[in-house]
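Observations on the model geometry
Now for the letters of each chain:
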Amino acid sequence: MTTTKQRRGRGRTRGLVIGVAVAALAGVTPAASAAQETQPTWQDCAGQGTPAGMQCAAIEVPVDWAKPDGPKVKLDLARLPATEPERRIGSVLGIPGGPGANGIDDLKRAAPGLTELRRRFDLVGYKPRTTVWREQLPPSCRQPGTSLLEPKSRKEYKAQAAAMTKAFNECQNADKTGLFAHMDSLSVARDTDAVRAALGEERLSFMANSYGGVTATAYVRLFPQRIRAMYLDGTINHADGWLNQALRAFSLQERLFTKFATWCADTPACALHGEDAGAVWRKLTRDADRKPIPVTSSEFGKGKLAGIHLRSFGFTNDPGPDNSRWLAFAEAVDKARHGDGSGFADYALGNARIWSVPGVLAMSCADDRGYTSYAQLQKFRRQARKISPNSGTVGFDGLGCAGWPLKVANPSRPLPTRGLPPFLGVGSTWGDYVWTESFTRMIPGSVTVGYDGPGHVLYLSGKKCPIQYATTYLTDLRLPKPGTICPAE
C-alpha cells in the first residue's frame, strides 16, 4: 500500500490507496517457446541493497491460465536459504500487497528482522504479475480516465462509469502483454502455486500482507491442501466484500476521530482548540460538497477539493510523533474553512488522480472492487455516513472500478474453510486490525494479535513483538492466546 506523499511522512493508515511507479521494463514474452522447467536455476543476486546470500531465479507462467500453452509472463524469484540447513523445515513465501508491490523488495526489507525465522526456513519472495504490469504501463494506461467525484444522481454516476470504461478500453487496446485482462487474484494465486512447485515443496508456509490477503483468499479457494501455515499481516478480507471492509474501517475511523477531537479540546496548540473540532470538520466537508475549494498543488497543478476528497484523504488515524500529524490536520482544517485548502491539496489531488488511472485500477477491478449500480452506491453512502459522520464516503476505488469493462473474474463470496490449519493474524488496533481479524475469524482455531499503535504491515516495519509471534507460529505451529496485544514499539 504505497500512498502518494507517503514519503513525506503523512503516516496514513486509512485505506487501500495505490501508488504507481511507471518503468519501461520488459517482462512478458509474446509466446510460449518452451515449457518452464520444474526447478529454476538459482544464482547469486546482484544489486545494491541485496542481502548477503540471497539467490535469484525466474519462472514462466501463462498470462491466461485457461490457455497454458499461450503467451507467458516471467516472474522473478529470490530466496534467502535457511541458515541451519540441517534443521530446515521448508520455505516461507511472502505474498506482497499493493496490488503491484514487489515481493523481492519486501524480502529485502524484512530480512533483518527475520533472522530467527530464517534459521529453519528458506525465505522466498517473488515479483507478481501485477508488478510486471506496473513496470511497463503503456502511456494511455497512465492517464486519468476522468475526474472522479461523488455522483449526486444516476446520470452523473453513469457518465463517470462510461468515462472510465472508455479509458479502460483504450488501455487494453494499448496493452501488448495480454495482462490487462488477467490480473485478478485467482490468476495471481495460480502463479503463487507455480512458485511453490518450482521450489519443490509439497506445502508452503506463507506471510501475506495488505492486498496480499486477496491473493491469500484466492489461494485458500484453489489450493487449501498446499497450506502448512498462513500468517496474515494487515490483510484485507476479500471474502467479506469490499463494501463491508470499508464499513469496518469507517467504524474505527470514527472512534479515532472522536479521540482526535477530545485531544484537540485538551490541547491549546491545536488550531481548533476552544471549538467543537468535529462540528468544524463536518461543516467544512458539507460546504465543500456544495462548493469545492479551489487549490493549486505544486505537483499536480490546479484542482478543486470536494467533500469526497476531504473525507477520503483528510484525516489521519496516526497522530504522529508528538501529535505532529494531528496538529497539521487541525491547522489544515482551519485554513481550509477560510478558503485555503493547501494543507490537503497535494495528498488529496494525488490520490484522487491515482484512483482514476486505468492501469492502476486494472490490478484490482477484476477482484470485484467496483459499484455495480447507482442504487448500490446510494445504499452504501447511507450506511457509511451513519457509521461515520466525519469520514463516511463512497470511495474512489469503487467509483473507478464501476466502469470496468470485463467480467469480474474473482467475485467476493463466502470462503470454504474446512480442513484448513489455524491462521495467525496481526494488525494495528489503530487501523488494519479490523480487516485482519475479520479474515482470521473465518478460519477455525485462528488467532489475531493486536498491535496497540499505528502502523501497517508490521513485519516489514521490523516490529519485534509481531515478528516473534509470527516466528513461533510458523516454526512450531503454536498460536498465542486469543486477545493477545503487542505494545507499541
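These notes cover the structure that comes with them. These figures come from a predicted structure and were not determined experimentally.

1. Here we look at the overall build of the chain
Looking only at helices and strands, one finds 17 helices and 13 strands in the chain. By the compact-globule yardstick of 23 Å for 489 residues, the chain fits well, its C-alpha radius of gyration being 22 Å. Here the C-alpha coordinates of the chain stretch approximately 65 × 50 × 45 Å along the principal axes. Expressed as a percentage of its 489 residues, the buried residues of the chain come to 58%. With an accessible surface of roughly 19,900 Å², the chain has 51% of that area assigned to carbon and sulfur atoms. Considering the chain, the positive charge centre built from 62 side chains and the negative charge centre built from 45 side chains are found 5 Å apart.

2. Considerations on unusual backbone geometry
Looking along the chain, the bond that leaves Gly98 and enters Pro99 is cis, with omega of -5°. The backbone of Asp368 sits at a positive phi, close to 75°, despite the residue not being glycine. Here Asp368 is to be found in the loop between helix H13 (358-361) and helix H14 (374-387). We note that Leu477 has phi near 55°; this positive angle belongs to a residue other than glycine. With respect to the helices and strands, the residue Leu477 is situated in the loop between helix H17 (464-476) and strand S13 (485-487). In this structure Leu477 comes out as partly exposed when scored by relative accessible area, which is 46%.

3. Looking at the pattern of salt bridges
Summed over all chains, the structure comprises 25 salt bridges. Lys74 is the salt-bridge partner of Asp76, the closest N and O atoms lying 4.0 Å from each other. On the basis of relative accessibility, which here comes to 23%, the residue Asp76 falls in the partly exposed class. With relative accessibility at 38%, the residue Lys74 sits in the partly exposed group. The partner of Arg226 in a salt bridge is Glu202, with the nearest N and O atoms 3.1 Å apart. You can see Arg226 sitting in the loop between helix H7 (212-222) and strand S8 (227-233) and its partner Glu202 sitting in the loop between helix H6 (185-199) and strand S7 (204-209), a full 24 residues away along the chain. One connected set of salt bridges, linked through shared partners, spans Lys74, Asp76, Lys127 and Glu135.

4. Let's talk about the packing of aromatic side chains
Any two aromatic rings considered together are summarised by their centre-to-centre distance and by the angle between their planes. Taken as a whole, this structure holds 28 aromatic pairs when the rule is applied. For the ring pair Tyr211 and Trp242, a centre distance of 5.7 Å and an interplane angle of 25° mean the geometry is stacked. With Tyr211 in the loop between S7 and H7 and Trp242 in helix H8 (residues 242-265), this pair connects stretches of sequence that are 31 residues apart. Classification of Tyr211 as buried rests on a relative accessible area of 2%. For Trp242, a relative accessible area of 10% gives the class buried. Taken together, Phe257, Phe260, Trp263, Trp281, Phe315, Trp326, Phe329 and Phe344 form an aromatic cluster joined through their ring pairs. Over the face of the ring belonging to Trp42 we find Arg79, whose NZ or CZ atom lies 4.1 Å from the ring centre. For Arg369, the ring lying beneath its charged end belongs to Trp242, and the centroid distance is 4.3 Å.

Analysis parameters
Residues numbered from 1 in each chain as written. Predicted model: local features only at pLDDT ≥ 70, side-chain atom pairs only at ≥ 80, totals over all residues. Heavy atoms only, no water. Helix = DSSP H or I, 4+ residues; strand = E, 2+ residues; numbered from the N terminus. Rg over C-alpha atoms; globule rule 2.2 N^0.38 Å. Buried < 20%, exposed > 50% of the residue type's maximum accessible area, 1.4 Å probe, protein only. Areas by Shrake-Rupley, 256 points an atom, 1.4 Å probe, with all protein chains shown as cover. Lys, Arg positive; Asp, Glu negative; His and termini not counted. Charge placed at Lys NZ, Arg CZ, Asp CG, Glu CD. Salt bridge = Lys/Arg side-chain N within 4 Å of Asp/Glu carboxyl O. Phe/Tyr/Trp six-rings, centres within 6.5 Å; stacked < 30°, edge-to-face > 60°. Lys NZ or Arg CZ within 6 Å of the ring centre and 35° of its normal.

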